[in-house]
Amino acid sequence: TGDLDMGGNDVYNVRNYYPDPGGRLTLTSATPVLVTEAADQTTLYYALYKHDLVPLYDGTNWDVFRFTELSIVMGSNWGANSNFDCYVYNDGGTLRLVTGAAWTSDTARNESLTRLNGRWTNNASMTGRYSNSATVTVAANRGLYVGTFRTTGSTGTTTWEIGGSAVNGDPGLLYVWNNYNRVMASVLVQDNTNSWTYTSSTWRAVNASNTNRVSFVRGLNEDPYYARAIFTISHNGSGADASCAVSLDATDSFSGVPAYVAPNVNAATAFLQSVGFYNALPGLGFHFLQGTERTSGATATFWGDAGASYAANGIYLVGLF
């Protein structure tokens with residue numbers, strides 16, 4: 001028994017003891033896990049979640065720092081429809097949340113990452129931006145990669161939208177992804193059009209609507225996502241078979257396992273619920289999972305909610321963000 005002499009240091013300052021960082025990227029201050037929508041936001045936060053420690057490399061050793069909530073107020077330097085990586089950086093004793101350059105495409109980084117002692121950092125010296133008018137040079141490995149976000153069609157704006165019920169579907173837009181402390185998010189997109197018909201063997205977007213989908217960004221391609229397209233189909237004695245499915249990054253095909261409803265040649269209408277499944281790694285960067293449909297060429301009727309909320313169909317996704 002007795003005191004442990006730490007040489008004047010608290011435990012969190014002992015070199016080479018480096019826990020995983022305790023924060024999460026979010027769009028609402030002091031709210032590390034978004035359980036409601038935060039649409040069209042211009043401020044990005046790195047909020048405390050599991051604890052207030054973050055490990056950073058100084059070129060020789062890892063040091064562990066306490067942090068309070070960090071944030072970036074975005075502007076015109078975060079271009080529309082672009083992906084950006086986020087880092088925590090020690091700027092001469094001031095911890096900052098910074099972003100690198102925009103990705104070169106929806107699925108390819110401009111600046112690469114590298115693992116250092118098992119943690120992702122910036123591979124080479126880069127410019128880190130922490131406000132619309134202020135930047136700092138981040139030497140190689142000095143920025144700890146904490147996640148990725150995507151801007152909307154408006155500059156300096158990102159969003160977190162968990163879907164809803166609307167004519168032609170209320171889309172899901174999950175534009176913030178965390179490298180650490182990921183949690184499960186779920187999205188339900190419902191098309192509350194009563195019903196519609198389709199008479200073609202060519203796959204198309206459900207109800208010919210590109211908003212019957214969930215769009216999202218991923219900084220690393222590590223976790224599979226699970227999605228379902230659930231729709232009720234009737235034939236009215238047409239002899240058509242019909243299908244619905246989930247399609248990755250397309251409206252004219254299917255991914256995963258499509259649902260199939262066999263022909264019904266009876267005069268009476270038969271209503272059959274079909275469920276198409278997707279469960280896979282969708283890839284790095286920005287993607288979408290779209291509800292799609294087809295028939296054998298005869299007319300089939302697809303039902304949105306048949307005029308009643310308890311009969312609603314739609315696209316459902318769960319994944320880690």
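So, a few notes on the structure that sits alongside this text. (Residues numbered from 1 in each chain as written. Predicted model: local features only at pLDDT ≥ 70, side-chain atom pairs only at ≥ 80, totals over all residues. Heavy atoms only, no water.)

## Regarding the nonpolar core
With 65 residues, the main nonpolar core has L97, L317 and F321 as its most contacted residues. Not counting residues up to four positions away in its chain, the partners in contact with L317 are L174, A185, S186, V187, V214, F216, Y225, Y226, A227 and L289. (Core = buried A, V, L, I, M, F, W, Y, C linked by side-chain atoms within 4.5 Å. Buried < 20%, exposed > 50% of the residue type's maximum accessible area, 1.4 Å probe, protein only. Contact = heavy atoms within 4.5 Å.)

## Topic: the layout of surface pockets
It is a probe the size of a water molecule, rolled over the atoms, that shows where empty space is left. Within this model, the largest pocket holds a volume of roughly 180 Å³. Around the largest pocket, the lining comprises 16 residues; the ones closest to its centre are L34, V35, W160, M184 and A185. At the level of elements, strand 1 (23-26), strand 14 (158-166), strand 16 (176-178) and strand 17 (184-191) are the ones that each hand at least two residues to the lining of the largest pocket. Partitioning the lining of the largest pocket into residue classes produces twelve nonpolar, three polar and one charged. (1 Å grid on protein atoms, 1.4 Å probe; cavity = no way out; pocket = protein on both sides within 12 Å on 5 of 7 lines; lining within 4 Å. Points joined across faces, edges and corners; volume = space filled by probe spheres on them. Helix = DSSP H or I, 4+ residues; strand = E, 2+ residues; numbered from the N terminus. Nonpolar A, V, L, I, M, F, W, Y, C, P; charged D, E, K, R; others polar.)

## Considerations on the pattern of salt bridges
Summed over all chains, the structure comprises nine salt bridges. A salt bridge links D106 to R150, with the shortest nitrogen-to-oxygen separation between them at 3.1 Å. With D106 in the loop between strand 8 (94-99) and strand 9 (113-116) and R150 in strand 13 (residues 144-150), the pair connects residues that are 44 residues apart, well separated along the chain. Classification of D106 by relative accessible area gives partly exposed; the value is 33%. The class for R150 is buried, based on a relative accessible area of 5%. Residues E222 and R182 are paired through a salt bridge, measuring 2.8 Å at the closest nitrogen-oxygen approach. Of this pair, E222 sits in the loop between strand 20 (213-218) and strand 21 (225-234) while R182 sits in the loop between strand 16 and strand 17, and the two are 40 residues apart along the sequence. Through salt bridges with shared partners, a single network forms among R182, E222 and D223. (Salt bridge = Lys/Arg side-chain N within 4 Å of Asp/Glu carboxyl O.)

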